[in-house]
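Each chain, written out:
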Amino acid sequence: MRFTVEQYDAASAHLQDARTQLEPDGHCCNCCADSGHQAFECGRNPLVAMAMGIRIVDRATALHDIIHALGDYPRCGPLELTAIERLHEFGT
């Protein structure tokens, strides 16, 4: 995906805004001025999106590994209970 100079400028501005509100301070969000959250949890903060993406990739990788473990059963011997337990984590 390619981004424009304007998109990079906006992301940089949101990062600078978020950097000024690292802890809850009781004020509106420094990124978007919403009163329902702070900058460190704002959807316009690029670090929030990055953290969400990393979590999605981590969970997808874990799910991929579990599916492989389940798919190899019973050819590889008894299925480890941990694979089934880990699969249930995705329901929560």
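Below is a short write-up of the structure. If you're wondering where the values come from, they're calculated on a predicted model, not measured in any experiment.

## Observations concerning the environment of N45
Move 1: Mapped onto the elements of the fold, N45 is located in the loop between helix 1 (5-19) and helix 2 (46-71).
Move 2: By relative accessible area, which is 5% here, N45 ends up buried.
Move 3: Each C-alpha atom, one on N45 and one on D17, is 8.5 Å from the other, the two residues being 28 residues apart in sequence.
Move 4: Setting aside residues no more than four positions away along its own chain, N45 makes contact with L15, A18, C31, A39 and F40.
Move 5: Engagement of the side chain of N45 in a polar contact is seen with the backbone nitrogen of L47, the distance being 3.0 Å.

The rules behind the values
Residues numbered from 1 in each chain as written. Predicted model: local features only at pLDDT ≥ 70, side-chain atom pairs only at ≥ 80, totals over all residues. Heavy atoms only, no water. Helix = DSSP H or I, 4+ residues; strand = E, 2+ residues; numbered from the N terminus. Buried < 20%, exposed > 50% of the residue type's maximum accessible area, 1.4 Å probe, protein only. Contact = heavy atoms within 4.5 Å. Polar contact = N/O pair within 3.5 Å; in protein donor to acceptor, adjacent residues only side chain to side chain.

By themselves, these figures tell us nothing about what the structure is for.
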